[in-house]
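Residue strings, one per chain:
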Amino acid sequence: LDGVKEVALKEPTPDELEEGEEKLPNCSFEQFEVYAVDVAMSTGDGKARPGELRTTVFKRNVETNYRLKMKASRYVLSDVDKKFPTLPFTLRHFEDEKQAKMGITECVNHALVTPYPSLHEKSGEVAHFKCTVLLLPSGTARVTGLSLPEYLKIEGKEPDEETQAVLKELAEVAAKKAKKKASKKKKKKASA
């Protein structure tokens, strides 16, 4: 969410660059790094904007300090500092949600927390998927996130030969990992 490495799915066109779109610098991924993969898809023009719905997801700005006036705001900030010092959170995580809704406003006004608005589009729908991945010597491991829904699976189209070869290789590696893990588990049970 706050990293310096970003990857765009497409290069901006010259027209988009003139309109103020930024070109992202090249980056390399290395072992023992953790990434939040954030994928947004749309059926419209691809320009998602913050919607009118009330935001309920926030993240603490740890560099910013301010002496809050309202008791509800101080409650929210102290709870955030204890439970979610660097991770995003939702107002549902608070015991007293009513007090959290009151207090979060002052925290946002003084930039103590950053809101994450829901995205909407003028024409079309927006789908948003997120997951966390670890880059390990044994391969990439997804540690959070849900599987893609069935309606997003591509049907009837066979992948080309190169893609099939890559998919087969990935399946073989996954099978080896599963077999190795099962044998370790068996050894551990046998020794216990």
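The structure this text deals with has already been given above.
Residues numbered from 1 in each chain as written. Predicted model: local features only at pLDDT ≥ 70, side-chain atom pairs only at ≥ 80, totals over all residues. Heavy atoms only, no water.

Caption draft 1: Quick look at the environment of Val7. Here Val7 lies in the segment before helix H1 (14–18). With 18 residues separating them in the primary sequence, Val7 and Pro25 have C-alpha atoms 8.4 Å apart. Setting aside anything within four residues of it in sequence, one finds Val7 in contact with Leu24, Cys27 and Phe29. (Helix = DSSP H or I, 4+ residues; strand = E, 2+ residues; numbered from the N terminus. Contact = heavy atoms within 4.5 Å.)

Caption draft 2: Main features of helix H3 (residues 97–109). Under the 1.5 Å per step criterion, the end-to-end length of H3 is 19 Å for 13 residues, consistent within 8% with the ideal 18 Å. Along H3, the sharpest kink reaches roughly 30 degrees, centred on Gly103. Those residues of H3 lying buried are Ala100, Gly103, Ile104, Glu106 and Cys107. After H3 finishes, the residue Ala111 shows a positive phi value of roughly 60 degrees. (Expected span 1.5 Å × (residues − 1). Bend = angle between axes of the 7 residues up to and from the residue. Buried < 20%, exposed > 50% of the residue type's maximum accessible area, 1.4 Å probe, protein only.)

Caption draft 3: Molecular detail of a negative patch on the surface. Side chains of Glu6, Asp15, Glu18, Glu19, Glu21 and Glu22 sit close together on the surface and give a patch of like negative charge. Secondary-structure assignment places Glu19 in the loop between H1 and strand S1 (33–42). Exposure remark for Glu19: the relative accessible area of 63% places this residue in the exposed category. (Patch = residues over 30% accessible without salt bridge, like charges linked within 9 Å, V, L, I, M, F, W, Y side chains within 5 Å. Areas by Shrake-Rupley, 256 points an atom, 1.4 Å probe, with all protein chains shown as cover. Salt bridge = Lys/Arg side-chain N within 4 Å of Asp/Glu carboxyl O. Lys, Arg positive; Asp, Glu negative; His and termini not counted. Charge placed at Lys NZ, Arg CZ, Asp CG, Glu CD.)

Caption draft 4: Just the pairing of strand S8 (residues 139–144), in detail. Sheet topology places strand S7 (residues 126–136) next to S8; five bridges connect them, and they run antiparallel. What sits directly across from Leu134, in S8, is Ala141. Hairpin connection, S7 to S8: the antiparallel pair is bridged by two residues. (Pairing = 2+ DSSP bridges.)

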